[in-house]
Every structure is written in C-alpha cells, then in structure tokens.
Amino acid sequence: MSVSKSFVCINRKAPYGTIYALEALEVVLIAGAFEQQVKLIFMDDGVYQLTRNQNPAGIGMKNFSKTFGALSDYDVDQIFVDSESLNLRGLDATDLQRLTHETNDAEERLSIKVVPRKELVDIIESADVLFNF
Amino acid sequence: MATLHTVNKSPFERNSLETCLSLCRFDASVLLIEDAVVGALQNTLISKQISEAVESGIRVFALNEDLEARGLPLSRLIEGITIVDYAGFVDLAAQNSKVQSWL
Amino acid sequence: MSLDVNGVIYETDEEGYLANLNDWTMSIAKAQADKDGAELEDAHWEVIHFLREYYNEYQISPAVRILTKAIGKRLGSDKGNSKYLYELFPHGPAKQACKYAGLPKPTGCI
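**Some points on the pairing of strand 2 (residues 29–32) of chain B**
All names here are of chain B.
- Judged by which residues are buried, strand 2 turns out to be covered on both faces: Ser29 and Leu31 on one side and Val30 and Leu32 on the other are all buried.
- Across four bridges, the pairing between strand 1 (residues 3–7) and strand 2 is parallel. Residue Val7 lies in a different strand from strand 2, and its bridge partner there is Leu32.
- Handedness of the β-α-β unit built from strand 1, helix 1 (residues 16–22) and strand 2 comes out right-handed.
- Both strand 2 and strand 3 (residues 59–63) contribute to a ladder of four bridges, which runs parallel. Note that in strand 3 the partner of Val30 across the bridge is Val60.

Structural data, given as structure tokens:
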C-alpha cells in the first residue's frame, strides 16, 4: 500500500552559485517518482532558477534548468512564482521558461503561475510536508 | 595602484555588494561574479546604488560566463557595467595591485 | 572500474555505468549487454535511443514509472507498460536500459 502526502518545496536560492537549487530538484524528482503530490514555490532569489536561455557551459556546470521541462512527466505541474520577488529583481513572467502539462482530456496548460505573495500562505498551509532550499 | 573588488554573493541575499560599494575608493574596480551577477540587471533593489557608483567613477564589471549561465538578458544590464570573460578577469587582477574578495 | 570494447578502455562506475556520457557508442552498449548475457534487438534499441533523447532534452535519466509513461505517450500504449519493458530489460527497464544507453542511474532509483 502506498501513502501519498502533499509536499511543498520552497526554493529561495539562485542557481549555480550554491548547490541548493540542484539538490531541491533531485528531491522533487524523487518525490514525484514515488507518486507524491508535489507543489513548488519559487521566491526571493529562487526565481532566477526558472529563467529562460540558461547556459552554464562556460562555468562548467550541467544545465539543470532543462530538467524543469520533465517535471510534467513526474506529475509535478503546480509551480508558483512570487510576483513580488520577480518585480524586485527587474524580472517578469516573460523572463521565465514556458512550462506546460497536459490535463486528463489532453489539453495543454501552463504549469507556472505567477502569484502575489499573500497567495503563497494557503499553498504553504496546504502542505503535509515542507522542503526548504 | 588601485584595488579590484570581487563580489560573489547575490545582493538580495547578503549585503556584501552594498558593503563593497561603500568601501570602494574612486579608482577602484568592482567585478560581479557567480551569484552576484544578478545585481547587474536594471530596475532592482540595488541598481540605483550601482549606477551611483558608476557615476562616481568606479568601474563596474560583470562576468559573462556567469551572466550566461543564469540566462540574464545582457540587453537589460545597468548602464555603464562592462561585461568581461574569464580572460578579462585575469587582466583586471593583473592591472590592479591587489584583489579584495567580498564573500 | 572499466570496460574493454575492442581494445579501447572506457571508464565506468562500480555498477558498470559509463563515466562519460559522450563516450557512448552502440558497440559499448553491446559490450555492456554481453557482460549481462543479454542480446540487443530492435525493440531494445528503440528504448535505448528514446532514453538518450530524453536525457539530451531534460538532462536526466527518468525513473521507471516516468519512463513507462513517457514511452506510452510517444511510442504507443503497447510499449508503454511495465510488462513489455520488463521483458526487454528484466533487471529493471530504467536501470538496465540507462546503463546500455550510457546514462547515469535514474534519479529516484534505490
């Protein structure tokens, strides 16, 4: 018998300078592989993880931003981005990757939702388990 | 001889860039590397302070490899910031008498 | 550990996974399968190439449940089921096929 819990992973670190972003992704993939419900929050410097056109070849690192595209295969399709964090960093939704998933009736939906910070409260409160990176 | 200041932490997470800017002499160079390159974009909490530093004559650089890694749009960097690559980093280190790393 | 393919030595980890993704050739896959006493036919190659493309696009080796689902979506439901994939790769489709595809062990694989 398998037990499914609701996980929320809060990502607050920029990619590449530290290992947090990559580690968070590993944890999310493992949770997804074991059929847990996972939601992701990107806020503060975490919003930099989702920018388009990342190319870390010059700093000798793997471009793990490509892996976000596989999250829908892992049924991880609820990704919330704090709009305030974007604004304070001179970014907006168009600077982020376009991630999609399919609904049960094969309709394409966007996986990323940019939301005001106060909406994150309910998402955090809805979790059985919180992961912080 | 002048000093090269390097900063490698995001200015939105730590105050190292702010501290650095407050302790730069007029002839100093500041190089943003690693996570600090996020401070090079326009319209952020730190952009005004960087622009003021540039206006005061301090030379501000950002490392291209780190900008590219993070997908930051080069067209939206703060005016006056110069992009350098690793070879340019070495040149800066050689041109200055010492390097101060703000961690 | 290492693997000898026609006199060329390739570095692998202790479980036989290729150390360098870019070293991969079909001869290496065959040599790895030989070691396991397995023979690679068209159906195996289809999965191996699928995995390499998946890795190229997303930079990960998918876990077995994900692989099954993704294959079903892209190659048809007659192939996207565990029975079909376990018959091809009895040591575990993701684990074994990733090894022959020169990819790292799948994430979430214990």
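**Observations concerning the sheet that holds strand 3 (residues 78–82) of chain A**
All names here are of chain A.
- Reading across the sheet, the five strands line up as 6-3-2-1-7 and stay open at both edges, with parallel pairing between neighbours. Two strands close off the open sheet at either side, each with one partner strand: strand 6 (112–115) and strand 7 (129–132). Taken over all neighbouring pairs, the strand axes of this sheet differ in orientation by 20 degrees on average, direction set aside.
- Looking at chain direction, strand 1 (residues 6–11) and strand 2 (residues 37–42) are connected through six bridges and run parallel. Residue pairing for strand 2: Cys9 is matched across the bridge by Leu40.
- Here helix 1 (residues 20–33) sits on the sheet and contacts strand 1, strand 2 and strand 7; the angle it forms with strand 2, its principal contact strand, is near 160 degrees.

**Details of helix 2 (residues 47–55) of chain B**
Residue and element names in this part refer to chain B.
- Every buried residue belonging to helix 2 is among Ser47, Ile50 and Ala53, and all of these are buried. Buried positions in helix 2, seen along its axis, are confined to an arc of 120 degrees and lie on one side of it. Turned more than 90 degrees from where helix 2 packs its buried face, Lys48 and Glu55 sit exposed.
- On its buried side, helix 2 packs onto helix 1 and strand 3.
- Within two residues after helix 2, Gly57 carries a phi angle of roughly 105 degrees, on the positive side.

**Notes on the sheet that holds strand 3 of chain B**
Residues and elements named next belong to chain B.
- Strand order in the open sheet formed by five strands is 4-3-2-1-5, with parallel pairing between adjacent strands. Each edge of the open sheet is held by one strand with a lone partner, namely strand 4 (82–84) and strand 5 (98–102). Averaged over neighbouring strand pairs, the angle between their axes works out to 25 degrees when direction is ignored.
- Direction of pairing for strand 3 relative to strand 4: parallel, over a ladder of three bridges. Bridge pairing in strand 4 places Leu63 opposite Val84.
- Along the sheet, helix 4 (residues 86–95) contacts strand 1, strand 2, strand 3, strand 4 and strand 5; its crossing angle with strand 3, the most-contacted strand, is approximately 145 degrees.

**So, the interface of chain A and chain C**
- Taken together, the contacts link 17 residues of chain A with 19 residues of chain C.
- Taken together, chain A and chain C are joined by five salt bridges.
- A salt bridge links Asp75 of chain A to Arg65 of chain C, with the shortest nitrogen-to-oxygen separation between them at 3.5 Å.
- One can count nine residue pairs in polar contact (both at pLDDT 80 or more) joining chain A with chain C.
- Considered class by class, the residues forming the side of chain A that touches chain C number six nonpolar, five polar and six charged.

**Let's talk about the confidence of the model for chain B**
- Put simply, chain B has an average pLDDT of 97, and 100% of its residues get 70 or more.
- Here the prediction assigns the complex a pTM of 0.91, and the interface score ipTM is 0.89.

**Thoughts on the pattern of salt bridges**
- Using the criterion set out here, one finds 20 salt bridges over all chains in the structure.
- Put simply, Glu107 of chain A and Arg109 of chain A hold a salt bridge, and the shortest N to O gap is 3.5 Å.
- Here Lys83 of chain C ties to Glu87 of chain C by a salt bridge, and the two come within 3.1 Å at their closest N and O atoms. Of this pair, Lys83 of chain C and Glu87 of chain C both sit in helix 4 (residues 82–88), four residues apart, which is roughly one turn of that helix. Per residue, the accessibility class of Lys83 of chain C equals that of Glu87 of chain C, and both read exposed.
- When salt bridges with common partners are traced through the structure, they connect Arg12, Asp44, Asp82 and Arg117 of chain A into a single cluster.

What counts, and at which threshold
Residues numbered from 1 in each chain as written. Chains lettered and ligands numbered in written order. Predicted model: local features only at pLDDT ≥ 70, side-chain atom pairs only at ≥ 80, totals over all residues. Heavy atoms only, no water. Buried < 20%, exposed > 50% of the residue type's maximum accessible area, 1.4 Å probe, protein only. Helix = DSSP H or I, 4+ residues; strand = E, 2+ residues; numbered from the N terminus. Pairing = 2+ DSSP bridges. Right-handed = clockwise from strand over helix to strand, strands pointing away. Axes fitted to C-alpha atoms, helices over the stretch in contact; angles between N-to-C directions. Contact = heavy atoms within 4.5 Å. Arc of directions from axis to C-beta. Salt bridge = Lys/Arg side-chain N within 4 Å of Asp/Glu carboxyl O. Polar contact = N/O pair within 3.5 Å; in protein donor to acceptor, adjacent residues only side chain to side chain. Nonpolar A, V, L, I, M, F, W, Y, C, P; charged D, E, K, R; others polar. pLDDT = per-residue confidence, 0-100.

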